[in-house]
Amino acid sequence: MYAVIATGGKQYRVAPGDTIQIEKLENSDGGNSITFEEVLLIANGTETKIGAPYIDGAKVHADILAQKRGEKINIIKFRRRKHYMKRQGHRQYVTEIKIKDIMGL
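Computed from a predicted model, the values in this text were never measured in an experiment. (Residues numbered from 1 in each chain as written. Predicted model: local features only at pLDDT ≥ 70, side-chain atom pairs only at ≥ 80, totals over all residues. Heavy atoms only, no water.)

1. Some thoughts on the nonpolar core
A general trend in soluble globular proteins is that nonpolar side chains are found buried together. To keep it simple, the criterion reads: By convention a nonpolar core is built from buried Ala, Val, Leu, Ile, Met, Phe, Trp, Tyr and Cys residues, the set being connected through side-chain atoms within 4.5 Å. A simple rule labels every residue: compare its accessible area, found with a 1.4 Å probe on the protein chains alone, to the largest value its type can have, and call it buried under 20%, exposed over 50%, or partly exposed in between. The secondary structure listing takes helices from DSSP runs of H or I that are at least 4 residues long and strands from runs of E that are at least 2 residues long, numbered from the N terminus.
Val-14, Val-39, Val-60 and Ile-97 are the most contacted members of the largest nonpolar core, which has 18 residues in total. Elements supplying a minimum of two residues to this core: strand 1 (2-7), strand 2 (10-14), strand 3 (19-23), strand 5 (39-43), strand 7 (59-69) and strand 10 (93-103). If you look at the next biggest cluster of nonpolar residues, it comprises 5 residues, including Val-4, Ala-6, Leu-40 and Leu-41.

Spelled out as structure tokens, the structure:
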């Protein structure tokens, strides 16, 4: 069984037991739980339910593991033959969650 949820302006395919990193959730500490109600799709082996845009009554429960920073992204701007090169790095804040269960199918 899996579901597609929307959070932080992105869509994620999740299944029970998955650990994923999503955009930072405000006011969420490690050890708390969270419920996602913006469920776009739920499917198991035989049945699929698609929302328009969301499925009514469907929920995905997850535990918050940690608030941390993601991997570093290197940004390089380069102009050939112009003696110009600029380097910059960025690390986005992320929330790591573990999916407990999917309700609504």
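Still to come is the rest of the account.
2. So, the sheet that holds strand 4 (residues 33-36)
Put simply, the rule is: The criterion for strand pairing is that DSSP finds at least two bridges linking the strands in question. With axes taken as lines fitted to C-alpha atoms, and helix axes fitted only over the stretch in contact, angles between N-to-C directions fall between 0 and 180 degrees.
Here we have 4 strands laid out as an open sheet, ordered 3-10-7-4, and antiparallel in their pairing. Edge positions in the open sheet fall to strand 3 and strand 4, since each of these has one partner strand only. If you compare each strand with its neighbour and ignore which way they point, the axes differ by 45° on average. Sheet topology places strand 3 next to strand 10; 5 bridges connect them, and they run antiparallel.

3. Looking at the sheet that holds strand 5
Pairing within the open sheet is antiparallel, and its 4 strands lie in the order 2-1-5-6. Single-partner strands in this sheet number two, and they are strand 2 and strand 6 (48-50). Each adjacent strand pair in this sheet contributes to an overall mean axis angle of 15°, direction not counted.

4. What to know about the pattern of salt bridges
Stated precisely, the cut-off is as follows: Salt bridges are identified by distance alone: a Lys or Arg side-chain nitrogen within 4 Å of an Asp or Glu carboxyl oxygen.
Summed over all chains, the structure comprises 3 salt bridges. Lys-68 serves as the salt-bridge partner of Glu-96, at 3.2 Å between the closest nitrogen and oxygen. Linking Glu-96 in strand 10 with Lys-68 in strand 7, this pair joins segments that are 28 residues apart in sequence.

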